[in-house]
Amino acid sequence: QLLDDPYFEEIDIAVDFEKYTKLDTMVLKDGTIGRTPYEHQKTGIKFLLTRNGCILGDDMGLGKTYQSIVAALESGAERILIVCPSSVKINWEREIHYFQCEDTSIISGKKWEQAKFTIINYDILKNFWVSKEERIKEKSGDFVWENEHLVKGDFDLCIIDEAHYLKDHKSIRG
């Protein structure tokens, strides 16, 4: 059973959804350009914008990616990290490009390239952080933060797609 948060105060936020319909370059089946969000997507976007952390638990096919991108753009975040399964990294980039934002980077292997939207899959996250035990102390006594892009990325927003992949903290992925 889900209960309402007794400490949450409802915040009414105004979002210009028409702006995102005009920005959207996706060509629809009827030949028109630009998606208009459904009511549940408008509610979801406002939900994301009025919380400092939350889970968007809509069912498959209801446009969680769309909602997340619009909320990220509307929030004014400068650096957004998207962690997702490897199989959907290109889909995330394509969806972001629909909103005329070309500043994206898909991370692969051990090469890190920072962008407004940095997209990485779960299985290579380990390539971009170092545990305390693995840090090397320089002669000055300071730790070397050589490959800790996740720490040094100074992300304003993090989107975790398919977060249920992290349910077991003992697994390699978790």
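If you're wondering where the values come from, they're calculated on a predicted model, not measured in any experiment.

Looking at the packing of helix α3 (residues 64-75) against helix α4 (residues 89-97)
Here is step 1: Where α3 meets α4, the closest approach of the two axes is 10 Å, and the angle between their N-to-C directions is 55 degrees. Between α3 and α4, the angle is such that the two are oblique. Crossing geometry of α3 relative to α4 is assigned as right-handed. Residue-level inspection shows T65, S68 and I69 of α3 in contact with α4, the latter providing W92, E95 and I96.

As for the sheet that holds strand β3 (residues 117-121)
Here is step 1: The four strands lie next to each other as β2-β3-β1-β4, forming an open sheet whose pairing is parallel. With partners counted over all chains shown, the strands left at the sheet margins are β2 (104-106) and β4 (157-160), one partner each. On average, each strand axis in the sheet is tilted by 15 degrees relative to the strand beside it, whichever way the strands run.
Here is step 2: Pairing of strand β1 (residues 80-84) with β3 involves five bridges; the strand directions are parallel. Across the sheet, V83 pairs through a bridge with I120, a residue of β3.
Here is step 3: Together, β1, β3 and β4 form the strand contacts of α3, whose direction differs from that of β4 by roughly 175 degrees.
Here is step 4: Packed on one face of the sheet, α4 meets β1, β2, β3 and β4 and runs near 165 degrees to β3.

Rules behind the numbers
- Residues numbered from 1 in each chain as written.
- Predicted model: local features only at pLDDT ≥ 70, side-chain atom pairs only at ≥ 80, totals over all residues.
- Heavy atoms only, no water.
- Axes fitted to C-alpha atoms, helices over the stretch in contact; angles between N-to-C directions.
- Helix = DSSP H or I, 4+ residues; strand = E, 2+ residues; numbered from the N terminus.
- Parallel < 35°, antiparallel > 145°, perpendicular 65-115°, else oblique.
- Left-handed = near helix turned anticlockwise from the far one by under 90°.
- Contact = heavy atoms within 4.5 Å.
- Pairing = 2+ DSSP bridges.

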